[in-house]
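Close look at the chain arrangement
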Amino acid sequence: MTARKKATKPLKIIHVVGARPNFMKMAPVYRALQKHKVKQFIVHTGQHYSQNMSDIFFKELRIKEPDINLQIGSGSHAKQVAAIMHAFEDVVLKEKPSLVLVYGDVNSTVAAALVSAKLGVPVGHVEAGLRSFDMTMPEEINRIITDQLASLHFIPSKDAHANLLREGINKKKIHFVGNVMIDTLITFSGSIMKPRPEHIPFETYGVLTLHRPSNVDDPKKLKAVMAELHKAGAKVPLIFPAHPRTKAMLDRMKNFALDKRKIHLIEPLGYTDFLNLVYHAEFVITDSGGLQEETTYLKKHCFTLRNNTERPVTVTEGTNILIGEDFDLLHKKVGEALKKPASERKKAPARWDGKAGERIAKIIVRSVA
Ligand code: UD1
């Protein structure tokens, strides 16, 4: 990367997205870059392809349709990453971008970063530096490799700075810009904070999401987790927009049926409908990463069914409690949450202020030649 002298030709940026959590991260960066003289090209890898896992987000978040969809679809990690690399290389060779922007920690992120770095194209990583220190998580591998390959690291919280320095990243490449997910939440807060949807048959409820391989891929484990969640659902019903991966596993499980009065399974929701559901919930039980941040911002109790988190500020400054497999703790916390809303914090974590996208755009325009 060299300092930008005279802008002879406009910057051309390729955004690479593929899975559901990428879309709300790209939206504010795309919008902010529109204010600068920058050409933007969106590549959708097709890692997520169902209408309610992908298309709905583009419409709702008012992002233009992808310029190209690589239609990779599902597969083993090796097959998915390899297929994305194979197809994306041609795109980079043809489009000759000045920078490739990748988001978060999914397979599309690491695949695009590998292709770009090998072709000598600078990579910007949005949501850099997060670490769970758990190498059994595929996302942790994706995060570490992507950060090694990136030239611009846009970090959402201060802890990410120390993580990157420890891995030998030059501090000049690290930019504390804030949280792009929260930018999107703020942009759409009018729709998120509207009255509770009428089709939800409960006035008081918790929200449940579950999709991590560590929770859902082993039927024995999933059955045990679901038994505990039924206990929680006996106190107050849990609304469960089930990820297709989880739904497929539940459908396959013999001698197992959900009790609808305790766990109310619905299809995955679009962005504002989902956060509207969360906004009116008493608490959230989840294994998602982004939802730990959204509940912290919305001041909702969040009980995370994981032993670790790559988002520690949601625990130290927010409303997140790591439950791991301590279901006695979960039941206790659910009981408490029903009596008391999440404690009012004075403010959100630093730079979770709706301006992360703008900060990223300014840094890109200033630093990419
Ligand atoms: C991926 C990400 C994960 C992220 C999650 C958000 C990786 C390694 N994992 O996990 O970090 O939290 O997205 O959802 O990149 N499927 C559909 N329709 C779709 C997409 C998937 O039916 O549009 C089903 C398929 O059966 C597929 C399964 O879900 O095999 C898993 O999809 P996949 O993209 O492999 O991983 P996710 O579990 O979604």
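Notes on the structure in this doc start here. (Residues numbered from 1 in each chain as written. Predicted model: local features only at pLDDT ≥ 70, side-chain atom pairs only at ≥ 80, totals over all residues. Heavy atoms only, no water.)

In the neighbourhood of the ligand, 18 residues make up the surrounding shell, with His-48, Tyr-49, Ser-50, Asn-107 and Glu-139 lying closest. In the environment of the ligand, an oxygen atom lies 2.7 Å from a nitrogen or oxygen atom belonging to the side chain of His-48. Take Ser-50: an N or O atom from its side chain is 2.7 Å from a nitrogen atom of the ligand. Protein chains bury 84% of the 740 Å² of accessible surface belonging to the ligand in isolation. Of all elements in the fold, only α3 (77–95) and α11 (244–252) reach the threshold of two or more residues within the shell around the ligand. Looking at the shell around the ligand, its residues break down into six nonpolar, nine polar and three charged. (Near = heavy atom within 4 Å. Polar contact = N/O pair within 3.5 Å; in protein donor to acceptor, adjacent residues only side chain to side chain. Areas by Shrake-Rupley, 256 points an atom, 1.4 Å probe, with all protein chains shown as cover. Helix = DSSP H or I, 4+ residues; strand = E, 2+ residues; numbered from the N terminus. Nonpolar A, V, L, I, M, F, W, Y, C, P; charged D, E, K, R; others polar.)

If you check which residues of helix α6 (residues 159–166) are buried, you get Ala-160, Asn-163 and Leu-164. All buried residues of α6 fall inside an arc of 95 degrees around its axis, so they share one side. Considering only its buried residues, α6 is in contact with α5 (138–149), β6 (152–155) and β7 (174–176). In the stretch just after α6, Gly-168 is the one whose phi turns positive, near 85 degrees. (Buried < 20%, exposed > 50% of the residue type's maximum accessible area, 1.4 Å probe, protein only. Arc of directions from axis to C-beta. Contact = heavy atoms within 4.5 Å.)

Following both chains from N to C, one finds helix α1 (residues 20–34) and helix α7 (residues 180–187) inclined at 80 degrees, their axes separated by 7 Å at the closest point. By the criterion of interaxial angle, the relationship of α1 to α7 is roughly perpendicular. For the pair α1 and α7, the contacting residues are Met-24, Lys-25, Ala-27, Pro-28, Val-29 and Arg-31 in the first and Val-180, Met-181, Asp-183, Thr-184 and Thr-187 in the second. Here the contact of α1 with α7 is built from residues that sort into six nonpolar, two polar and three charged. (Axes fitted to C-alpha atoms, helices over the stretch in contact; angles between N-to-C directions. Parallel < 35°, antiparallel > 145°, perpendicular 65-115°, else oblique.)

In this structure, Leu-61, Leu-101, Phe-154, Tyr-271 and Ile-364 are the most contacted members of the largest nonpolar core, which totals 54 residues. With eight residues, the single largest contributor to this core is α1. Among all residues touching Tyr-271, those that are not within four sequence positions of it are Met-24, Phe-57, Glu-60, Leu-61, Met-181, Thr-184, Leu-185, Phe-188, Ile-192 and Glu-294. By size, the runner-up hydrophobic cluster in this structure holds 26 residues, among which are Val-216, Ala-232, Val-334 and Ala-337. (Core = buried A, V, L, I, M, F, W, Y, C linked by side-chain atoms within 4.5 Å.)

Picture the strands of a sheet paired through backbone hydrogen bonds; they go either parallel or antiparallel. With respect to topology, seven strands assemble into an open sheet ordered β3-β2-β1-β4-β5-β6-β7, the strand pairing being parallel. For this open sheet the edge positions go to β3 (68–69) and β7, each flanked by a neighbour on one side alone. Pairing of strand β2 (residues 38–44) with β3 involves two bridges; the strand directions are parallel. Paired with Val-43 across the two strands is Ile-68, which belongs to β3. Of the strands in this sheet, β1 (11–17), β4 (99–103) and β5 (123–126) touch helix α4 (residues 107–118), which is tilted by about 160 degrees from β4. (Pairing = 2+ DSSP bridges.)

Before going further, it helps to examine the pattern of salt bridges. By the definition in use, this model includes 25 salt bridges. Here Arg-143 ties to Glu-140 by a salt bridge, and the two come within 2.5 Å at their closest N and O atoms. Within this pair, Arg-143 and its partner Glu-140 are both found in helix α5, separated by three residues, close to a single helical turn. Of the two residues, Arg-143 and Glu-140, both sit in the buried class. Put simply, Lys-332 and Glu-336 hold a salt bridge, and the shortest N to O gap is 3.8 Å. With a gap of four residues between them, Lys-332 and Glu-336 both fall in helix α15 (residues 327–339), about one helical turn apart. (Salt bridge = Lys/Arg side-chain N within 4 Å of Asp/Glu carboxyl O.)

Its 13 residues give α15 an end-to-end C-alpha distance of 19 Å, which sits within 8% of 18 Å, the value for a rise of 1.5 Å per residue. Three or more residues of α15 are buried, namely Phe-327, Leu-330, His-331, Lys-333, Val-334, Gly-335 and Ala-337. As for α15, its buried residues are in contact with α10 (219–235), β11 (283–286), β12 (301–304) and β13 (320–322). (Expected span 1.5 Å × (residues − 1).)

Where a strand is regular, its side chains alternate between the two sheet faces. Counting buried residues along β2, six of its seven residues qualify, which places the element largely inside the surrounding structure. Alignment of β1 against β2, held across seven bridges, turns out to be parallel. Within β2, the residue paired with Ile-14 across the bridge is Phe-41. With α1 bridging β1 and the parallel β2, this β-α-β connection has right-handed handedness. In this fold, the crossover linking β2 to β3 by way of helix α2 (residues 51–60) has right-handed handedness. (Right-handed = clockwise from strand over helix to strand, strands pointing away.)

What follows is about the environment of Arg-31. Residue position: Arg-31 is located in helix α1. Put simply, Arg-31 and Arg-62 are 31 residues apart on the chain and 9.5 Å apart in space, counted from C-alpha to C-alpha. Excluding anything up to four places from it in sequence, Arg-31 contacts Leu-61, Arg-62, Thr-187 and Phe-188. There is a polar contact of 3.3 Å between the side chain of Arg-31 and the backbone oxygen of Leu-61.

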